[in-house]
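Chain by chain, the residues run as shown.
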Amino acid sequence: MRSYKEIRGILQDRITTRQWQPGDLLPSEQALSEEFGCTRATVNRAMRELADAGLVERRRKAGTRVVQPKAHPATISIPVIRQEVENKGQTYKYLLLERLEALPPEDVRTQLGLKPNEKALYLKSLHYGDGIPQQLDTRWINLSAQPEAANESFTDIGPNEWLLQRVPHPNIEHVFQAVKATAEEQRLLQLEEGEPVFTILRRTWISGQGITYVRLTHPGNRYSMATRSSDEPTFS
């Protein structure tokens, strides 16, 4: 018999991956209890926690519906670099530099919640605008969370855009840094000696399961970020 935590996680996944859209009426507690082979009380507790988290709205005799997300000022979402480049009127190009399945370093393993002997998919790619490097994408993908990534070559589509097609609304954590470029970053991004870079460390997950951990590196003089109230941030 499933616990209320397991049921809450499954229902949350259906909401965050848009299997259930904002405004959709959820199945009744009776129907869900039959689906999961548990009591209605267990389903009821899972639904209460979803309501407390602001994901659903429960009304007596009207059922439970998925809540329409509210806009929050200066909320950082996940932009698609191809769209960002094309929105600036530039010609976009994508180049995969490296792809392999390997044991990630300890810090990445911790971020993704992997076991010590669990492999992940490592990808390194470059994104260009008008032939000039705009972003170096170095990431690990949790194959337990996204097993189909093992069969994707990533030669024709960037991993960021590929993941967003499958998990459009993950939980996100960002860390922003302005740092000195490494020798490899200087070479790949065609930087001048001593030119700084702006990096974004991003971790995404669903129901406690890590999806990807990525370092996005941008030339300091070719990148800026602005936010607008009640709108998404603009990257350039």
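The rules behind the values
- Residues numbered from 1 in each chain as written.
- Predicted model: local features only at pLDDT ≥ 70, side-chain atom pairs only at ≥ 80, totals over all residues.
- Heavy atoms only, no water.
- Buried < 20%, exposed > 50% of the residue type's maximum accessible area, 1.4 Å probe, protein only.
- Helix = DSSP H or I, 4+ residues; strand = E, 2+ residues; numbered from the N terminus.
- Pairing = 2+ DSSP bridges.
- Axes fitted to C-alpha atoms, helices over the stretch in contact; angles between N-to-C directions.
- Parallel < 35°, antiparallel > 145°, perpendicular 65-115°, else oblique.
- Left-handed = near helix turned anticlockwise from the far one by under 90°.
- Contact = heavy atoms within 4.5 Å.
- Nonpolar A, V, L, I, M, F, W, Y, C, P; charged D, E, K, R; others polar.

1. Considerations on the pairing of strand S4 (residues 120–129)
Stage number 1. Counting buried positions along S4 yields 10 of 10 residues, so the element is predominantly enclosed.
Stage number 2. Residues Ala-120, Tyr-122, Lys-124, Leu-126 and Tyr-128 of S4 are buried on one face, and the alternating residues Leu-121, Leu-123, Ser-125, His-127 and Gly-129, pointing to the opposite face, are buried as well.
Stage number 3. When strand S3 (residues 92–102) meets S4, the two strands line up antiparallel, connected through 10 bridges. Among the inter-strand pairings, Leu-95 is bridged to a residue of S4, identified as Leu-126.
Stage number 4. Relative to strand S5 (residues 132–141), S4 runs antiparallel, the two sharing 9 bridges. Bridging across to S5, Lys-124 finds its partner in Thr-138.

2. Here we look at the packing of helix H1 (residues 4–16) against helix H3 (residues 40–52)
Stage number 1. Following both chains from N to C, one finds H1 and H3 inclined at 50°, their axes separated by 8 Å at the closest point. Classified by the angle between their axes, H1 and H3 sit oblique to one another. Considering the relative orientation of H1 and H3, their crossing is right-handed. From H1, Tyr-4, Ile-7, Arg-8, Leu-11 and Gln-12 reach across to H3, where they touch Thr-42, Val-43, Arg-45, Ala-46, Met-47, Glu-49 and Leu-50.
Stage number 2. Looking at the contact of H1 with H3 residue by residue, the classes come out as 7 nonpolar, 2 polar and 3 charged.

3. Description of unusual backbone geometry
Stage number 1. Backbone geometry places Asp-130, a non-glycine residue, at a positive phi of 55°.
Stage number 2. Its place among the elements puts Asp-130 in the loop between S4 and S5.
Stage number 3. Phi is positive for Gln-190, close to 55°, though the residue is something other than glycine.
Stage number 4. Positionally, Gln-190 belongs in the loop between helix H7 (183–188) and strand S7 (196–206).
Stage number 5. A relative accessible area of 49% places Gln-190 in the partly exposed class.

4. What to know about the side chain of Thr-199
Stage number 1. Here Thr-199 lies in strand S7.
Stage number 2. Take Thr-199: its relative accessible area is 0%, and that puts it in the buried class.
Stage number 3. Excluding residues within four positions of it along the chain, Thr-199 makes contact with Val-175, Phe-176, Gln-177, Val-179, Arg-215, Leu-216 and Thr-217.

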